[in-house]
Amino acid sequence: MTSSAEKIGAALAKAAKGTMAKMRDGAPAALGAAAPKMYRTNLRDVPKVEGLKRDDGWVDMQVQFLIDKKSAGADHVVGWTVLKPGARHENHRHHNCDEFFIVLKGHGHIYTEAGEVPSGEGDVIYSPRGCWHGFNNTSSEDVVLVWGWMDAGSIEASGYEVHPDSHR
């Protein structure tokens, strides 16, 4: 004869086995959770951000938020920026997120705590939260950057602050 403890153990094992099988089969919805969904867009379909103010350090920049909280429900941002000759993103920092950017095309100078230093195609820059950074297109050609904020799905969540001694 089987004891009560053995019957309970067998029932728990059966339930756990069934739950694991459902999870392996990709059925989280059957467990009451929404299945994650892929988000896909195209540069041509993402509007340029309007209302970026020069006084906030956004000098003649074309910015697109490709992935963010609003579009994809993400807790990070992936963006695309084109800086025409003379455009720049003033020295700034984010209190609530880390940032990276990759220079896909062109060259100019990055703002660092040690001053401006040359930067060009292929450079990958990582700025941990609280680190001052920015980019100045000092060349006669467009600069194209892809960039991201980790742990912030919007500019408001990023804790954005322009440096008080920016070049306004």
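This text gives an overview of the structure that appears in the document. A quick note: this is a predicted structure, and the numbers were derived from the prediction, not measured.

Moving on, we get to the overall build of the protein. The helix and strand tally for the protein stands at 3 helices and 9 strands. In sequence order, the secondary structure elements of the protein are arranged as α-β-α-β-β-β-β-β-β-β-α-β. Residue burial in the protein is summarised as follows: out of 168 residues, 35% are buried. Taking the contacts inside the protein whose residues are at least 6 apart along the sequence as the reference set, 67% of them involve residues at least 24 apart. Of the roughly 10200 Å² of accessible surface on the protein, 55% is carried by carbon and sulfur atoms.

With that settled, the discussion passes to the packing of aromatic side chains. Under the counting rule described, the total for this entry stands at 5 aromatic pairs. Arranged with centres 5.4 Å apart and planes meeting at 25°, the rings of Trp58 and Tyr160 form a pair that is stacked. Taken together, the residues span a long stretch of sequence, with Trp58 in strand 1 (residues 58-67) and Tyr160 in strand 9 (residues 160-162) at a distance of 102 residues. With relative accessibility at 7%, the residue Trp58 sits in the buried group. Between the aromatic rings of Phe101 and Phe135, the centroid separation amounts to 6.1 Å while the plane-to-plane angle is 85°, which identifies the pairing as edge-to-face. Of the two residues, Phe101 sits in strand 3 (residues 98-105) while Phe135 sits in strand 7 (residues 133-136), which places them 34 residues apart along the sequence. A residue is classified by how much of its surface remains accessible, and Phe135, at 1% relative accessible area, is buried.

A word on the nonpolar core. In globular proteins that are soluble, nonpolar side chains generally tend to be buried together. By size, the foremost hydrophobic cluster in this structure holds 20 residues, and its most contacted members are Leu83, Phe101, Val103, Phe135, Leu145 and Trp147. Residue assignment for this core shows that the elements contributing at least two residues are strand 1, strand 2 (76-94), strand 3, strand 8 (143-150) and strand 9.

So, on to the pattern of salt bridges. For the structure on display, the rule yields 7 salt bridges. The partner of Arg54 in a salt bridge is Asp60, with the nearest N and O atoms 3.5 Å apart. Arg54 sits in the partly exposed class, given a relative accessible area of 43%. Between Lys69 and Asp75 there is a salt bridge, with its nearest N and O atoms 2.4 Å apart. Taking relative accessible area as the criterion, Lys69 reaches 42% and is therefore assigned partly exposed. Connected via shared salt-bridge partners are Asp98, Arg129 and Asp151.

Rules of the game
- Residues numbered from 1 in each chain as written.
- Predicted model: local features only at pLDDT ≥ 70, side-chain atom pairs only at ≥ 80, totals over all residues.
- Heavy atoms only, no water.
- Helix = DSSP H or I, 4+ residues; strand = E, 2+ residues; numbered from the N terminus.
- Buried < 20%, exposed > 50% of the residue type's maximum accessible area, 1.4 Å probe, protein only.
- Contact = heavy atoms within 4.5 Å.
- Areas by Shrake-Rupley, 256 points an atom, 1.4 Å probe, with all protein chains shown as cover.
- Phe/Tyr/Trp six-rings, centres within 6.5 Å; stacked < 30°, edge-to-face > 60°.
- Core = buried A, V, L, I, M, F, W, Y, C linked by side-chain atoms within 4.5 Å.
- Salt bridge = Lys/Arg side-chain N within 4 Å of Asp/Glu carboxyl O.

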